[in-house]
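Chain and residue survey
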Number of protein chains: 4
Amino acid sequence: MHLCSPPSVSTRSMASKTPVGFVGLGNMGSPMAKNLLRNGYPVIATDVFPESCKELQDIGAQVVDSPAEVAERADRILTMLPSIYFTFTGSLCDTRASADVRRLKTSIKEPGNALCFVLFRKVKKGTLLIDSSTIDPAVSREMAAAAEKMGAVFMDAPVSGGVGAASLAKLTFMVGGVEEEYNAAQELLTCMGANVVYCGQVGNGQAAKICNNMLLAIGMIGTAETMNLGIRLGLDPKLLAQILNMSSGRCWSSDVYNPVPGVMEGVPSANSYQGGFGTTLMAKDLGLAQNTATNTKTPIPLGSLAHQIFRVMCSRGYANKDFSSVFQFLREEEGQ
Amino acid sequence: MHLCSPPSVSTRSMASKTPVGFVGLGNMGSPMAKNLLRNGYPVIATDVFPESCKELQDIGAQVVDSPAEVAERADRILTMLPSIYFTFTGSLCDTRASADVRRLKTSIKEPGNALCFVLFRKVKKGTLLIDSSTIDPAVSREMAAAAEKMGAVFMDAPVSGGVGAASLAKLTFMVGGVEEEYNAAQELLTCMGANVVYCGQVGNGQAAKICNNMLLAIGMIGTAETMNLGIRLGLDPKLLAQILNMSSGRCWSSDVYNPVPGVMEGVPSANSYQGGFGTTLMAKDLGLAQNTATNTKTPIPLGSLAHQIFRVMCSRGYANKDFSSVFQFLREEEGQ
Amino acid sequence: MHLCSPPSVSTRSMASKTPVGFVGLGNMGSPMAKNLLRNGYPVIATDVFPESCKELQDIGAQVVDSPAEVAERADRILTMLPSIYFTFTGSLCDTRASADVRRLKTSIKEPGNALCFVLFRKVKKGTLLIDSSTIDPAVSREMAAAAEKMGAVFMDAPVSGGVGAASLAKLTFMVGGVEEEYNAAQELLTCMGANVVYCGQVGNGQAAKICNNMLLAIGMIGTAETMNLGIRLGLDPKLLAQILNMSSGRCWSSDVYNPVPGVMEGVPSANSYQGGFGTTLMAKDLGLAQNTATNTKTPIPLGSLAHQIFRVMCSRGYANKDFSSVFQFLREEEGQ
Amino acid sequence: MHLCSPPSVSTRSMASKTPVGFVGLGNMGSPMAKNLLRNGYPVIATDVFPESCKELQDIGAQVVDSPAEVAERADRILTMLPSIYFTFTGSLCDTRASADVRRLKTSIKEPGNALCFVLFRKVKKGTLLIDSSTIDPAVSREMAAAAEKMGAVFMDAPVSGGVGAASLAKLTFMVGGVEEEYNAAQELLTCMGANVVYCGQVGNGQAAKICNNMLLAIGMIGTAETMNLGIRLGLDPKLLAQILNMSSGRCWSSDVYNPVPGVMEGVPSANSYQGGFGTTLMAKDLGLAQNTATNTKTPIPLGSLAHQIFRVMCSRGYANKDFSSVFQFLREEEGQ
């Protein structure tokens, strides 16, 4: 689904089937890069982990040693990194291995980790940079300004959908950036996703992603509280879910991804909260929502509390469980 | 839609078209009673406000002076009261005119207000009492126990849907009570509603209603925060609503009742938050959710905060606006 | 310290050294009753647990079988019960063994548990009833009204201070009730406490107690969050406590009862959060604060969230630890 | 009071009475600079507002046009700016006139606003930079690293106490930075404050300040809620304050700065919440607390909610009132 299809066409989008650069071959990046290959695009890829590179090389990608080399060889480059951080010196880095800010400060001195630093230093004029990482919209805007100085174009295109959707090319991309370049981005993104939505100026893709995930988090905790309260009041959970789903309490977390074991099949709650979207990832996205809200002086009382709840869960053993495990977290333990 | 249709049939449900009692002829009770009349049931009604009685009398109801008289003349009685409160002396009263507990203490000494007190003293053996008020499920259970001592049957059947749905007989009833009597209740309730859902033992109707409204409240505030944040980040509100509604942030408040003016037509946000479901009523329902959660030691962090937010709104001039006005409440004022 | 010493003197306060009734010999009630004995008052006591009675009997109290007998033999009666609950039938009971409302409904049918039921049925004219339980002020007011009908006087006098303070007669009593009877109450309470504060009409003692404990709970969680944040930012906890305590962040939880192990000696945090004031008791008091706030339509956003946090802690293994263990609850676990 | 007096003495601290630079002559900076003059230090000052410069010039300071000139002429420089922000290009700027990030992006292109940019470019080797602005500790650490590259030393020294304390040289300074330089900083800071507390490594002064203000905010809202609830329950506010202040609910907001009009004299609540510490400033500090907590993955549920409450207040007309006006905000309006 393409909510907005701006008519203008840039010349770069004609350059189909010329090589596409890909930086970041993790759980999401790897299947995304594979889908580019499947659609006939030569891919020039890199990652800090050699085994990730090896896997992609085996199916036809050209692997290079650094983002700088990617920048030298491709004029369309996708990045898919866990997070991106600006330092005082204006550099940009992948923080995959960085547990906290202090360690980050160390890691950027090690050239191996500073994925994007050289990318930006080496990027060619006219290059299209598409970043699918989930980061602060303000950082996306800083990156776009930096790219502009190099004569390049930067667009943000974060995704909705997990590893499964990435493999099946069923992701949703929320794209921000100059409208004239949208078609060029869309050409590549449609190889990897089912929906590509143009959200306006650069940073707006991130804004849409963050907004959606904040409301998702609120809805999930709300559903968990509500189901738990209903059960405590004597209601059958399946019946309660039915009632909510035909009433005004209905939400995605109640009708598609119910957090109560036994209510639905094929969801993490039916499988001990394995798989799905980890609590630690949700906490990260809520941290971004919190930061953008603080910076824009926007009150988000429930979003803020949702952030805190997932943060506490991360410290109580739920970090790697699906975020719907908040139902389990809130539920009274046996014997209490 | 009848989720559960228990097969057993009581003899009372054979007593069709014998008079039905109706206590409480307010904004909701009045159209409900009218729909009983339209379906051919003689109605014996009462209310503390004479004008409400007059209107119903004009279209064929028999109006009597007190709940006691209703109890004497009907063996199926519906009650639809703003709230119900138990006092130390075991009496039961309508608190319509009572702004707080202290005033309540006074009001119950005035016989005119003690609607249900006499009802319970005079109820005949075998009477079916159906209460559509929204009250604490624990109170419903107390009332059922009290009714049982009198040889009567009490069921709770709170509604979802507003004045419009009441007029059009499109309400949803959530019914709690003994299964053998459900058909008798259903016979009457289908005259006033489109959906009648059997929720299990007495009090479960209230439990379902309270749970739904708590999740609704959370979803509404969450939607208001999210839409506001998105707008502050530069997103077009209509586009953001579209994105949420095709993604995991989707909920009833985002796709049916969006709180942002200009996103949808025919909702309170399109009409200065007039009509709809008042903030003060939502605050009342969240108070019930809070009480049941406290009594059952169930944690409801977001539900609790939602309660507090609507409570603050009531004191800041939003009491009579639709509860979706939380968007306006959270939004930064001009000039700040 | 006696903040208010109303001059009027009732005749009952002349009745010194006549027997004093005592209902409820738990962790708090038992040392309180002992202090009455130490001050030369004959004590007529009862409790549902025979072993509690035995202990008091051994040091000189007269033990009777029921509150009814206490009511027949004493005209000054103290009650110290875990909680008190009114039922539909107007009875009053001790809910010590009752985990939830449903079990309560059963337990009141067992005469052994219905401590106060008979007390109120048998109370003599002119009796002074002093209740030191922590309950809803509205219930205290109902009880005072009920006592008045029997020709008796009811005052609420909840305590601040734990088992240690009870043993050392160092409790603080917050007293509500008619001013003319305050001296009579004060005579007994000064045997058990260091401070007796007259708070106004009946229920005001409870109101003051609930208010204090709500602010205490907020201050404790706030201190725990703040100390944890400071430590994560690299501050030495002892130094941070010093800075807070000389600045505007100062509160009882930071300067008397610091929740961080190693900052202070002689507090629960120095002893694995053993002893002190249990999380489950704090959650109970916050439930009362929540109920009174809901009933009076008063917004308490932080109080409400504090309630939810202690409620979650109760379900995650902290029920019997001191409430300052919220520091431990919020702190990130090793290995995360 | 000097909690820690490290014995080592740097040579710079011998340089007494040589000129001291001062950047930022606002409500706080101006009286601070005056106190340096009063203690015999020549002051070389600058600010974006000419009138602020004029006032200081009249009492003996040498005014220059830019931070760069300050950097060229002084080897001890104090900065006192509303906020400091790093941009992608590594520059540093005063955001006084910047309402949001977008405007910031514009403003840094105007050389007039980029106060510190040139300061850092021109700073001499061996210079001691002391920053008394309240900013993110992580930014302080970045600045210290940047200063180190220039051969200079950076310390953070935020203040507690308002304009009055600044005029009377009664501020409290919380100082972070290398221990060997602490004496040199202390020499200057004691001219402007009554307490200078060494908090450890650079950034720790900010950390202590942020922690204190977060707990202050929590205590103030908690006190406002508690006093409001007590009043609604029928307690006299003065009596309630007395009870809290002799009990475990005691905190700075209850015993020094009570938010309820009529309880204390000489505080903002006694003067229509004029003066004091503005809600908008408290919201800013809580935004910093929130950011540091998010970045260090520290849960701060009450701190986070306090942030949101002050944020909502800013949008509802309380921005410039003292932060204790939260009592007024929460209180029910007349006529509701």
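Residues numbered from 1 in each chain as written. Chains lettered and ligands numbered in written order. Predicted model: local features only at pLDDT ≥ 70, side-chain atom pairs only at ≥ 80, totals over all residues. Heavy atoms only, no water.

Observations regarding the packing of helix α10 (residues 237-245) of chain A against helix α9 (residues 204-232) of chain B
One can describe the packing of α10 of chain A onto α9 of chain B by two numbers: an axis separation of 10 Å at closest approach and a directional angle of 55°. For the element pair α10 of chain A / α9 of chain B, the angle class is oblique. Crossing handedness for the pair α10 of chain A and α9 of chain B: right-handed. Residues L240, I243 and L244 of chain A of α10 of chain A lie in contact with α9 of chain B, whose contacting residues are A208, C211, N212 and L215 of chain B. When its residues are assigned to classes, the contact of α10 of chain A with α9 of chain B shows 6 nonpolar, 1 polar and no charged. (Axes fitted to C-alpha atoms, helices over the stretch in contact; angles between N-to-C directions. Helix = DSSP H or I, 4+ residues; strand = E, 2+ residues; numbered from the N terminus. Parallel < 35°, antiparallel > 145°, perpendicular 65-115°, else oblique. Left-handed = near helix turned anticlockwise from the far one by under 90°. Contact = heavy atoms within 4.5 Å. Nonpolar A, V, L, I, M, F, W, Y, C, P; charged D, E, K, R; others polar.)

Digging into the nonpolar core
Membership of the largest hydrophobic core comes to 218 residues, with the highest contact counts inside it found for F310 of chain A, F310 of chain B, F310 of chain C together with F310 of chain D. Each residue touching F310 of chain C, except ones within four places of it in the same chain, is listed here: A217, I221, T279, M282, A283, L286, F323 and V326 of chain C. (Core = buried A, V, L, I, M, F, W, Y, C linked by side-chain atoms within 4.5 Å. Buried < 20%, exposed > 50% of the residue type's maximum accessible area, 1.4 Å probe, protein only.)

Quick look at the pattern of salt bridges
Summed over all chains, the structure comprises 20 salt bridges over all chains. Note that R73 of chain B and E69 of chain B form a salt bridge whose closest N and O atoms lie 3.7 Å from each other. Of this pair, R73 of chain B and E69 of chain B are both found in helix α3 (residues 67-73), 4 residues apart, which corresponds to roughly one turn of the helix. By relative accessible area, R73 of chain B is classed as partly exposed at 41%. For the salt bridge of R250 of chain D with D255 of chain C, the shortest nitrogen-to-oxygen distance reads 3.0 Å. Of this pair, R250 of chain D sits in the loop between α10 (237-245) and α11 (252-255) while D255 of chain C sits in helix α11 (residues 252-255), which puts the two residues in different chains. (Salt bridge = Lys/Arg side-chain N within 4 Å of Asp/Glu carboxyl O.)

A closer look at helix α6 (residues 137-149) of chain D
Residues that lie three or four places apart on an α-helix share one face, since the helix turns once every 3.6 residues. Residues and elements named next belong to chain D. Over its 13 residues, α6 runs 19 Å from end to end, which matches the ideal 18 Å to within 8%, given 1.5 Å per residue. Three or more residues of α6 are buried, namely P137, V139, S140, R141, E142, M143, A144, A146 and A147. The opening residue of α6, the one whose side-chain oxygen lies 2.8 Å from the backbone nitrogen of A138, is D136. With its phi angle positive at about 80°, G151 sits one or two positions after the end of α6. (Expected span 1.5 Å × (residues − 1). Polar contact = N/O pair within 3.5 Å; in protein donor to acceptor, adjacent residues only side chain to side chain.)

A few points about the sheet that holds strand β9 (residues 159-160) of chain B
All names here are of chain B. Overall, mixed pairing links the 3 strands, which are arranged β9-β10-β11 in an open sheet. Of all the strands in the sheet, the pair left with one neighbour each is β9 and β11 (193-198). Here β9 pairs with strand β10 (residues 171-175) via 2 bridges, running antiparallel. Bridging from a neighbouring strand, S160 pairs with T172 of β10. (Pairing = 2+ DSSP bridges.)

Overview of the state of the cysteines
Any covalent bond linking the sulfur atoms of two cysteines counts as a disulfide. Using the criterion set out here, one finds 0 disulfides over all chains in the structure. Here C251 of chain C stays unpaired: no disulfide links it, and the sulfur of C251 of chain D, its closest cysteine neighbor, is 6.4 Å away. (Disulfide = S-S within 2.5 Å.)

Regarding the side chain of T296 of chain B
Residue position: T296 of chain B is located in the loop between α12 (279-295) and α13 (301-314). The residues contacting T296 of chain B, other than those within four sequence positions of it, are L229, R232 and L233 of chain A.

Notes on the relation of the copies chain C and chain D
Rotating chain C by 180° about the axis while translating it 0.0 Å along that axis superimposes it on chain D, leaving an RMSD of 0.1 Å. Read as a symmetry element, the transformation amounts to a two-fold axis. When each C-alpha of chain C is compared by its distance to the rotation axis, C251 of chain C comes out closest, at 2.0 Å. Same-surface contact between copies: 98% of interface residues of chain C are shared with the interface of chain D. (Least-squares fit on C-alpha atoms with pLDDT ≥ 70 in both.)

Some remarks on the interface of chain C and chain D
Listed as interface residues are 62 residues of chain C and, on the opposing side, 61 residues of chain D. Across the interface of chain C and chain D, roughly 5,300 Å² is buried in total on both sides, 69% from carbon and sulfur atoms. A per-residue breakdown of the area chain C buries against chain D is headed by L215, L233 and L302 of chain C, which together make up 13% of the total. For the pair chain C and chain D, the number of links is 2 salt bridges. For the pair chain C and chain D, the number of links is 18 residue pairs in polar contact (both at pLDDT 80 or more). (Buried area = accessible area lost by both parts, 1.4 Å probe.)

What to know about the packing of aromatic side chains
All names here are of chain B. Under the defined criterion, the tally for this structure stands at 24 aromatic pairs over all chains. Aromatic pair Y182 and Y198: ring centres 4.9 Å apart, planes at 50°, arrangement tilted. Of this pair, Y182 sits in helix α8 (residues 182-189) while Y198 sits in strand β11, and the two are 16 residues apart along the sequence. (Phe/Tyr/Trp six-rings, centres within 6.5 Å; stacked < 30°, edge-to-face > 60°.)

Observations regarding the pairing of strand β8 (residues 153-156) of chain D
Residue and element names in this part refer to chain D. Residues V153 and M155 line one face of β8 and the alternating positions F154 and D156 line the opposite face, and both faces are buried. Taken together, the 4 bridges between strand β7 (residues 128-131) and β8 define a ladder with parallel strand orientation. Bridge pairing in β8 places I130 opposite M155. In this fold, the crossover linking β7 to β8 by way of α6 has right-handed handedness. (Right-handed = clockwise from strand over helix to strand, strands pointing away.)

Interpretation in functional terms is not warranted from these geometric data alone.
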